[in-house]
Amino acid sequence: MEIRQLQYAIQIAEERNFSRAAEKLHIAQPSLSQQLSKLEKEIGVLLFQRTTNSVELTHAGTVFVERAQAIIDSLEQLKKEMFDISQTKAGKVTIGTMPITGSHLLPHVLPSFHRRYPDIELVLTEEPSTSNLVKLTAQGKNDLCLLSLPLSDPSLEYEPILEEEIVLAVPRNHRLATATISESSTGIPLADVKDEPFIFLKRGQGFRQITMDLCSQAGFEPQIVFESSNIETVQSLVATGMGVALVPAFIATAPRSEFVPQYVALEGQPSRTLVLAYRSGRYMSKAAEAFKETLQDTLSAQFSSRVRAATTNTYKP
């Protein structure tokens, strides 16, 4: 059994298609089929059920791919450990983030990181779905990932990065538009807008669940009139009068040229916790440690009390 055969089986399982898998692996499809048949003959079990239109994992195939992924990941970690021993100022770090979170946070961090560690390569994995980011991180495909609590995957550990206030976005001609963040010391009860139409993020995004939970805690179920996968679109729709929405503070304070809603502080200053997550027990390279430290240092220095620096204790859900 060869390492490349493990990689081939993993790719076929991901693609469920020999042609696409061969293309991703940069080999000819007949060679891929031949290597898989050779592997199945050696281990004495069928890994995939092949039909004209589909490729499906057998039970043995599911077990094999899971174990193969763990072996490949262990080899990658071994390479990183050896690289760190030989060369501590270089390396590669893969960072997972949702596009909006990354676009607002990372511009504060990446220039500083590049100045400190010009020879470390950063690779961004941007996913609009929180669940996909969690899955990729749990599989070890992201070294680190920017997420918000709560996290339900027990294979992930995390370190808090920011405690960020959540504010209410309303149209500028709204009855509550005069209670601006700067003028309000206590904030308004969220229940004051229980009868208003709400603009929500689509399912699969962590902040949607945070919004739903806050409405539930306030004693009402929001009337959702429109959903978007982009928080900027949500804000623009609020600005045009379609409804109200909850928005993280650092996104609310980002400059925009048009379609800007009014932001209102909420009673009790509800917040979300942004964290840097990684797979439990995974070796963290010197390059990843360097990024984590730079992120914590930079964000602590950049953001005001409305986006408060969190503690750096490690938690596991």
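Residues numbered from 1 in each chain as written. Predicted model: local features only at pLDDT ≥ 70, side-chain atom pairs only at ≥ 80, totals over all residues. Heavy atoms only, no water.

## Regarding the packing of helix α1 (residues 3-15) against helix α3 (residues 29-43)
- Viewed as axis vectors pointing N to C, α1 and α3 meet at an angle of 110°, and their least axial separation amounts to 10 Å. Comparing the axis directions of α1 and α3 gives the class roughly perpendicular. Counted together, Arg4, Gln5, Tyr8 and Ile12 of α1 and Leu32, Gln35, Leu36, Lys38, Leu39 and Glu42 of α3 form the full contact between these two elements.
- Classifying every residue of the contact of α1 with α3 by side-chain character gives five nonpolar, two polar and three charged. (Axes fitted to C-alpha atoms, helices over the stretch in contact; angles between N-to-C directions. Helix = DSSP H or I, 4+ residues; strand = E, 2+ residues; numbered from the N terminus. Parallel < 35°, antiparallel > 145°, perpendicular 65-115°, else oblique. Contact = heavy atoms within 4.5 Å. Nonpolar A, V, L, I, M, F, W, Y, C, P; charged D, E, K, R; others polar.)

## A short note on α3
- When the terminal C-alpha atoms of α3 are compared, their 21 Å separation across 15 residues agrees well with the 21 Å that a helix rising 1.5 Å per residue should span.
- For α3, every residue scored as buried is listed here: Leu32, Gln35, Leu36, Leu39 and Glu40. Projection of α3 onto a plane perpendicular to its axis shows the buried side chains occupying an angular sector of 135°, all on one side. In α3, those exposed residues whose orientation departs by more than 90 degrees from the buried face are Pro30, Gln34 and Lys41. (Expected span 1.5 Å × (residues − 1). Buried < 20%, exposed > 50% of the residue type's maximum accessible area, 1.4 Å probe, protein only. Arc of directions from axis to C-beta.)

## Digging into unusual backbone geometry
- Here the bond from Leu149 into Pro150 is cis, since omega is 5°, no more than 30 degrees from zero.
- Its location among the elements puts Pro150 in the loop between β5 (144-148) and β6 (156-170).
- Backbone geometry places Arg16, a non-glycine residue, at a positive phi of 55°.
- Along the chain, Arg16 turns up in the loop between α1 and α2 (18-25).
- In this structure, His26 is a non-glycine residue whose phi angle is positive, near 60°.
- On the secondary structure map, His26 appears in the loop between α2 and α3.

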